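Chain residues, written in single-letter form:
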Amino acid sequence: MEQVKLTDNFMTLTQLLKEAGIVGSGGQVKWYLQETPVKLNGVSENRRGKKLYPNDVVELASGEVYQIVQA
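Residues numbered from 1 in each chain as written. Predicted model: local features only at pLDDT ≥ 70, side-chain atom pairs only at ≥ 80, totals over all residues. Heavy atoms only, no water.

Notes on the overall build of the protein
No. 1: A count of helical and extended segments in the protein gives two helices and seven strands.
No. 2: Reading the protein from its N terminus to its C terminus gives the helix and strand order β-β-α-α-β-β-β-β-β.
No. 3: Within the protein, the proportion of its 71 residues that are buried is 35%.
No. 4: Contacts spanning at least 24 positions in sequence make up 47% of the contacts within the protein whose residues lie at least 6 apart.
No. 5: Summed over all atoms, the accessible surface of the protein reaches about 4,500 Å², with 45% contributed by carbon and sulfur.
No. 6: For the protein, the separation between the mean place of its 8 positive charges and that of its 8 negative charges on side chains is 7 Å. (Helix = DSSP H or I, 4+ residues; strand = E, 2+ residues; numbered from the N terminus. Buried < 20%, exposed > 50% of the residue type's maximum accessible area, 1.4 Å probe, protein only. Contact = heavy atoms within 4.5 Å. Areas by Shrake-Rupley, 256 points an atom, 1.4 Å probe, with all protein chains shown as cover. Lys, Arg positive; Asp, Glu negative; His and termini not counted. Charge placed at Lys NZ, Arg CZ, Asp CG, Glu CD.)

Following this line, the structure appears as structure tokens:
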């Protein structure tokens with residue numbers, strides 16, 4: 001499980017996917033989420049603007065897991 005540090009109170013799913021290097025731009029996130037299952041805390045999520053807070057866990061179809069932590 002990889003930890004992603006927050007610099008604000010929250011980050012969006014788009015920001016996480018860009019920071020993790022999964023997508024190169026915000027425009028690619030829309031297509032990525034339509035074609036690739038993503039789970040947030042065990043529940044399917046496809047909203048690119050979904051806010052992520054400390055202790056949230058994002059699971060990608062590729063098996064990568066990211067936990068949001070406060071910086």
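A look at the pattern of salt bridges
No. 1: All told, the structure shown has one salt bridge when counted by the stated rule.
No. 2: Of the charged contacts, one joins E45 and R47 as a salt bridge, the two residues approaching to 2.8 Å between their closest N and O atoms.
No. 3: Given a relative accessible area of 10%, E45 falls into the buried group. (Salt bridge = Lys/Arg side-chain N within 4 Å of Asp/Glu carboxyl O.)

Examining the environment of S44
No. 1: With respect to the helices and strands, the residue S44 is situated in strand β4 (residues 43-44).
No. 2: Between the C-alpha atom of S44 and that of E59, which follows or precedes it by 15 residues, the distance is 9.3 Å.
No. 3: With residues up to four places along the chain from it excluded, the contact list for S44 reads V38 and K39.

Some remarks on the sheet that holds β4
No. 1: As summarised here, the arrangement of the five strands in space is β1-β7-β6-β3-β4, forming an open sheet in which the pairing is mixed. Across the chains shown, the open sheet's two edge strands, defined by having one partner strand only, are β1 (2-6) and β4.
No. 2: Two strands pair when backbone bridges link them, and strand β3 (residues 38-40) and β4 are joined in this way by two bridges, in the antiparallel orientation. The residue of β4 that forms the bridge with K39 is S44. (Pairing = 2+ DSSP bridges.)

Notes on the nonpolar core
No. 1: Counting residues in hydrophobic clusters, the biggest one holds 17 residues, and the most contacted among them are L13, L16, L17, L52 and V58.
No. 2: Breaking this core down by element, the ones donating at least two residues are β1, α1 (13-19), α2 (26-35), β3, β6 (57-60) and β7 (65-70). (Core = buried A, V, L, I, M, F, W, Y, C linked by side-chain atoms within 4.5 Å.)

Observations concerning the pairing of β6
No. 1: In the sheet, β3 pairs with β6 via three bridges, with the strands oriented antiparallel. Within β6, the residue paired with K39 across the bridge is E59.
No. 2: Counted between consecutive antiparallel strands, the loop separating β6 from β7 contains four residues, among which G63 sits at a positive phi close to 100 degrees.

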